[in-house]
Amino acid sequence: MKSHVADWQTRVYCVRIEPANDSPIVRLAGYPVDLAMSNGQIYLTESGYEFSGIDATTTFASQSLDLQGILQLGAISRDALKAGVYDNARVYLFATSWADPIEDEEPIGLGFFGKVNTDDDRYTVQIMGAIDVLSQSVGRSFSPSCPWTLFDETLDGRTLPVSQSRCTGPRANPDGPALADFKVTGTLTSVTDQYHFRDSARAEANDWFAYGAIRFTTGPNAGLKPLEIKAYTSNGTILLHEAMFYLPEIGDEYEMIPGCRKTPAACKDKYSNKVNYGGQDHLPSPSVYQQRGRK
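Description of the structure in this document.

Cut-offs and rules
- Residues numbered from 1 in each chain as written.
- Predicted model: local features only at pLDDT ≥ 70, side-chain atom pairs only at ≥ 80, totals over all residues.
- Heavy atoms only, no water.
- Helix = DSSP H or I, 4+ residues; strand = E, 2+ residues; numbered from the N terminus.
- Buried < 20%, exposed > 50% of the residue type's maximum accessible area, 1.4 Å probe, protein only.
- Contact = heavy atoms within 4.5 Å.
- Areas by Shrake-Rupley, 256 points an atom, 1.4 Å probe, with all protein chains shown as cover.
- 1 Å grid on protein atoms, 1.4 Å probe; cavity = no way out; pocket = protein on both sides within 12 Å on 5 of 7 lines; lining within 4 Å.
- Points joined across faces, edges and corners; volume = space filled by probe spheres on them.
- Nonpolar A, V, L, I, M, F, W, Y, C, P; charged D, E, K, R; others polar.
- Core = buried A, V, L, I, M, F, W, Y, C linked by side-chain atoms within 4.5 Å.
- Pairing = 2+ DSSP bridges.

**Thoughts on the overall build of the chain**
- Counting secondary structure elements, the chain contains four helices and 16 strands.
- The buried share of the chain, reckoned over its 295 residues, is 35%.
- Here the analysis covers contacts within the chain between residues at least 6 apart in sequence; of these, 60% occur between residues at least 24 apart.
- On the chain, roughly 17200 Å² of surface is accessible, and the fraction owed to carbon and sulfur atoms is 51%.

Spelled out as structure tokens, the structure:
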């Protein structure tokens, strides 16, 4: 049972979206005008937003909440959504009184920013309840391919948790490959479309940057999140898995890092880091270990 509830006569619902990074917090109130909380925080009117509602049960069943918004009016921009700024952001829903608004006065739910669908100038976000964490698989699984993420940080400077970045380790190669030693910069010399462009000054071997990432530092895509590279050829041609947010232009500057195919050969020959390989490359396939003994 809740220890405190907001005044039912002046009840108003508010939501706070806290990104996992250092991006600004979004505060919204289901009220015709902005609400100033007792701690000085301003919750913007929800004009341009619509929530589907939330259910509360006594079981461990998962809960979901949809947030619909209009991109031109809201505090969340199209660039921020596409760049993944709010991926896995924490979403706090609470009730308070518009006559005497207090932040988190009556906590109602905690969720996480999930899948985003955009349609013209509207978007819908699936917000999953915190109870869903209990349904997630934990621990390591055995596989011939390596589960670790190459380098200890991403191209945009985010530090990865130890559970993901174990290309470095306490064994014979404690330092492992460092992103700064492999990051390159360049300028586009031709553009085919949002997936396909080229830097004719590149001279690395075929496939060197495959499964790596590219991020633009100038042009219309400057500052947006890095995207994964699908293929790379020695003449400097780059092909992406996903389209860039905006069509790149000749002269746009970028920074790029190579990737890893998660195989023992790639780990050993490309990065000289086989000692920290995380896969079980001698693990037999199910067709082998499920066979019965024969006479």
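**Observations regarding the layout of surface pockets**
- Taken as a whole, the largest pocket holds about 1200 Å³ of empty space.
- If you go around the largest pocket, you meet 36 residues; those closest to its centre are Thr154, Asp156, Arg158, Leu160 and Pro226.
- Those elements giving two or more residues to the lining of the largest pocket turn out to be strand E13 (213–216) and strand E14 (227–232).
- The residue makeup of the lining of the largest pocket, split by class, is 16 nonpolar, eleven polar and nine charged.

**Brief notes about the nonpolar core**
- Judged by nonpolar contacts, the single largest core of 33 residues is most densely connected at Tyr86, Phe113 and Ile214.
- With near-sequence residues (within four places) excluded, Phe113 lies in contact with Ile17, Ile76, Leu81, Tyr86, Asp87, Asn88, Ala89, Val91, Val125 and Gln126.
- With 14 residues, the next largest nonpolar core counts Cys146, Leu150, Leu155 and Ile257 among its residues.

**As for empty space enclosed by the protein**
- In total, this model carries two cavities of 30 Å³ or more according to the counting rule given.
- In this model, the second largest cavity occupies a volume close to 80 Å³.
- Contributing to the lining of the second largest cavity are Cys146, Trp148, Leu150, Cys167, Pro177, Cys260, Lys262, Thr263, Cys267, Tyr271, Asn273 and Tyr277.
- By residue class, the composition of the lining of the second largest cavity is nine nonpolar, two polar and one charged.

**Considering the pairing of E13**
- Alternating positions in E13 separate into two faces, Ala213 and Arg215 on one and Ile214 and Phe216 on the other, with burial throughout.
- In this structure, E13 lies alongside E14, joined through two bridges in antiparallel fashion. Across the sheet, residue Ile214 finds its bridge partner in E14, namely Leu227.
- Two elements, E13 and strand E16 (residues 253–257), share four bridges in a ladder whose sense is antiparallel. Bridge pairing in E16 places Ala213 opposite Ile257.

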